[in-house]
Amino acid sequence: MGFRLALLVLFFLAIGLALRGLLRTKEKGGISGLHIMLGHLLALLFGVIISPQVFSVIDPTTKKGLVPILELSFGWVGFLFGFQFNITTLRRIPGSYIGRALAEALVAFAIAGFLGFCLLKAFRERLEFNEAEVFRTALALGAVLSISAPTLIAFFNKKIRVRSPLVNLLVVIASIDGLVGVFALGIINVIWHPAGLEMHLSVLLMILLGFEQAFLIWLLLRAERKAIPTAILGIGVLTLGAGMSAYFGLSPVVPGVLAGMIAANLAPGLRQRLARMLMTAESGLYIGLIVLTGVFLPSGLKSHVWVGVVTICIAGVFNRFLGKTLGATLVLPSGNTGVCAKTRFLFSCSLQSAGALILVVALCYNQTIVGSKPPLVVITALCAFVIGEIISIYATPRLLRELGKNAGTSR
Amino acid sequence: MKLFDKKSLVPFVSRLMAAGIALCLLYVSKMTPEELPPEQKEGILAAIALGGLIILAWVMGDLFQRLSLPRITGYMITGLITGPHILRLMNVETVSSLKFIDNLALSLIALHAGHEVKLGLLRRRFKSIVCITFFILLFSLCGVFVFIYFGGSYIFPFLKEAPRKTILVVALLFGLIEVAKSPVTTIAILDETGARGPLAETTLGIVILKDVILIILFGIMMTVCGRILYPQKAQGGLLGETLWHLFGSLGMGVLIGIIVGFLLKITQERMYILVAALALCLTLLSLVLHLEVLMVSMTAGFMIQNFTAQGKRFLSGIEAISPITYIIFFPVASASLDISLLRDAWAAAVMILILRKIMVFTGINVGSRLTEDFPAMRKYGWMGFINQSGVTLALALIIGKKFPEFGSHFKAVALGMIVITDFYGPALFKFALFKSGEARKR
């Protein structure tokens, strides 16, 4: 074990040094975003290597001890997502933007889900799935693959600074389209509850748990002015809420989103403090979550199952690309006032960035519903996450520069 | 802060309500449904326990702070009450599932402790620290040893008919564990009070030095005791293990400290993320290489503070993250204490504790008089060496396993002492820091 560990340390040191050299030559004054992608890949690799499947640095007992952190991540990311829905801010966004965001997500959901269903049908025997599992997994794939994230867009726009209605639309779509995926997985969870709980009870419990978290946050934090106690109590409430959701066999993300939505509309002071807390911990949580995804990737699948998993995973990434491209094409303005084909393409490519939400939703689906079955959705989400980041890192700065050139506002 | 201040009463009551809800949810989680997948059951219950503990411990800490008592006493009492031995809102498996997170928190606290030991301070107070440590060790070890060797058969029912060599071993081992003092509580109280000054610095220096010496002595003593009780068995393994624990941990700490110092220079990432990642790596490394996480982390913290230029940046990361580590570490650590053991062992525990206080007081007085140390050390110094949790608990568990004929009784008395000192140890240290004028925050 000592030798393995020494090798592991040397390996990461070598990668770290190589990356440092690479980034220095590639990013002199530029904003390629290479470090984000490499950082994420490294974190993922680290998670996989320390997991029980590879070097067993984390043994199964330790893995159990990591579950509270995983549950906290589920609750936290759900809360963070729901926290965007402040009614005052939403009122300022044109209604058509929100409609287009939801339409784009629904198109991506339908295409990725339908193509996934066809493929799963073809690979049903290899994957050892029954009819219901095929349908459920296809829905889950559609839901997971419809999610985008605005983190990379915001990162690049901070550097390039472009003011254009299309950038606003891009940010709104990337921020809101996750709603379709999150609630679709909530519905899957309610229909195929692991303990067979009745549907109305599951829905009621999800709503109650969302309110319970928001109420606890209000009780504990309404008079708290300091940042550290706010963070500590926030962690406590979200861990407890996520744990309780998992206890009832429910996805911790949906109650987290509900709690976030309620908290976003509480008193402005409390909202600001919560926003600061969520933003401060975001990057750390993000990296931690990617490591955890690596650690929690189930293993021990038979080789014939792997063939199906890999095929569907590659196809899933393609389906997502197709779904997002078609979705974006449909919702972008066309005709005389519309945008050119290149911008349209770059726009849809920028939506490929998936952020932490896709990993959380997929892992949550796996933890709550699937159990020991092939982690198809997690692996597909992981690939979509990696490929999506690469595509988005390539496309977003180009799109922003293009829009900036047209509007004359870019730096 | 007054207990019933008009302005803060309403928020406090609403926090109490929140604690009530958390308690109810913890109670609900006791009724584990059978449908919960067994491979996930422990993890899920651990998540609920952790979330509930954080809320409850914070509210209890608030209450204790209003009473001018240390927050960490409130945290420990929360763990004790909700743990598997009183309210049973968590079972033993749930507490052991939280051990990894607890170790992670321990590593962070130890990094902080190591970081607080500055070379300048060591040079300045070297004579006092070494001299006082020597006399505390000498008096505590010898005092408790003599007391138990000659009076053990009267105090402990389990030694009434025991052979002389068993009494000798029990006396040696009690003498040894009476030396232990947890650096974790010391750093937590220093952090809470913001204390800076000779008393705070000397106490921390002595506690860390004692910890290092204790680990060496423990290895030697366990080998010697093994030879006395079981002369036919080979006892070499334990000494080798101890040496590996000590030198392996120190070496790993030095190596990690150097690597982290280099990494801190080249990265601009938020410091709290790096500190958390470092603690995770240290915990995993210690787990895999069977090293002492406390020692590895303390050494790494010491190296970063004294041999790199990144000490200040590193401290900002530790300070941002330390309150959350305390609120996880102390309740979880005290949740595993079995208070019911006190029923049979309280009298013996109290007697040994009184003797220990006298010996520590004498050791500090002799040591500080010889080094002509400042008067506050003689007057209040002993109050910083009461709390025993952490190291004592670990040593008692090892002794319990190694010597089955008296191990369970030994463990009961040791745990009894930990439970008692947990209640008043931190409060006395806080009092000492205020009395000496070194504490800055209420």
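Just so it is clear, the structure is predicted and the values come from calculations on it, not from any experiment.

Asker: Any chance you could explain the overall build of chain A here in plain terms?
Answerer: Regarding its fold elements, chain A presents 18 helices and zero strands. Burial analysis of chain A (411 residues in total) assigns 53% to the buried set. Contacts in chain A between residues at least 24 apart in sequence constitute 83% of all its contacts with a sequence separation of at least 6.

Asker: Explanation requested: the overall build of chain B in the structure shown.
Answerer: For chain B, the count of helices and strands is 17 helices and zero strands. For chain B, the spread of C-alpha atoms along the three principal axes comes to 60 × 55 × 45 Å. Considering chain B as a whole, with its 442 residues, one finds that 55% of them fall into the buried category. Pairs at least 24 apart in sequence give 80% of the contacts found in chain B among residues at least 6 apart.

Asker: Could you clarify how one ought to interpret the domain arrangement of chain B in this entry?
Answerer: Where interface size is quoted, it is often the accessible area lost as the parts come together. Residue and element names in this part refer to chain B. Taken as a whole, chain B is organised into domain 1 (6–97) and domain 2 (108–435). Taken over C-alpha atoms, the centre of domain 1 sits 27 Å from the centre of domain 2. Of the residues lining the interface, 21 residues belong to domain 1; the matching set on domain 2 comes to 22 residues. Mapped onto the side of domain 1 that touches domain 2, the elements with two or more residues apiece are α2 (38–66) and α3 (71–82). At nine residues, α3 tops the list of elements feeding residues into the side of domain 1 that touches domain 2. A class-by-class count of the residues in the side of domain 1 that touches domain 2 yields 14 nonpolar, six polar and one charged.

Asker: How do you make sense of the interface of chain B and chain A when you look at a structure like this?
Answerer: Listed per partner, the contact involves 43 residues of chain B and 40 residues of chain A. Those elements that provide at least two residues to the side of chain B that touches chain A are α1 (6–30), α2, α5 (99–116), α11 (271–289) and α13 (311–335) of chain B. The element that contributes the greatest number of residues to the side of chain B that touches chain A is α2 of chain B, accounting for 13 residues. Grouping the amino acids of the side of chain B that touches chain A by side-chain chemistry returns 31 nonpolar, seven polar and five charged.

Asker: What is the right way to look at the nonpolar core in this model?
Answerer: For soluble globular proteins, nonpolar side chains are generally found buried alongside one another. By size, the foremost hydrophobic cluster in this structure holds 295 residues, and its most contacted members are V144, I358, V360 and V361 of chain A together with I55 of chain B. When residues of this core are assigned to their parent elements, the largest contribution, 16 residues, is made by α2 of chain B.

Asker: How should I be thinking about α1 of chain B in this particular structure?
Answerer: An α-helical segment advances 3.6 residues per turn. Residues three or four places apart therefore align on the same side. The end-to-end C-alpha distance of α1 of chain B, which contains 25 residues, comes to 37 Å, matching closely the 36 Å that a straight helix rising 1.5 Å per residue would cover. Those residues of α1 of chain B lying buried are R15, A18, A19, A22, L25, L26 and S29 of chain B. Buried residues along α1 of chain B sit in contact with α11 (199–221) and α12 (227–247) of chain A together with α2 and α3 of chain B.

Asker: I'm lost on the packing of helix α5 (residues 95–122) of chain A against helix α9 (residues 165–176) of chain A in this one. Help?
Answerer: Helix packing geometry: the angle between the two helix axes and the distance between the axes. Residues and elements named next belong to chain A. As a packed pair, α5 and α9 sit with axes 9 Å apart at the nearest point and diverge in direction by 55 degrees. For the element pair α5 / α9, the angle class is oblique. By crossing handedness, the relation of α5 to α9 is classed as right-handed. Here α5 contributes Y97, I98, R100, A101, L102 and E104 to the contact with α9, which in turn contributes L169, V172, I173 and I176.

Thresholds applied
Residues numbered from 1 in each chain as written. Chains lettered and ligands numbered in written order. Predicted model: local features only at pLDDT ≥ 70, side-chain atom pairs only at ≥ 80, totals over all residues. Helix = DSSP H or I, 4+ residues; strand = E, 2+ residues; numbered from the N terminus. Buried ≥ 20, exposed ≤ 12 C-beta atoms within 10 Å, placed from the backbone. Contact = placed C-beta atoms within 7 Å. Domains from an automatic or database assignment. Nonpolar A, V, L, I, M, F, W, Y, C, P; charged D, E, K, R; others polar. Core = buried A, V, L, I, M, F, W, Y, C linked by C-beta atoms within 7 Å. Expected span 1.5 Å × (residues − 1). Axes fitted to C-alpha atoms, helices over the stretch in contact; angles between N-to-C directions. Parallel < 35°, antiparallel > 145°, perpendicular 65-115°, else oblique. Left-handed = near helix turned anticlockwise from the far one by under 90°.

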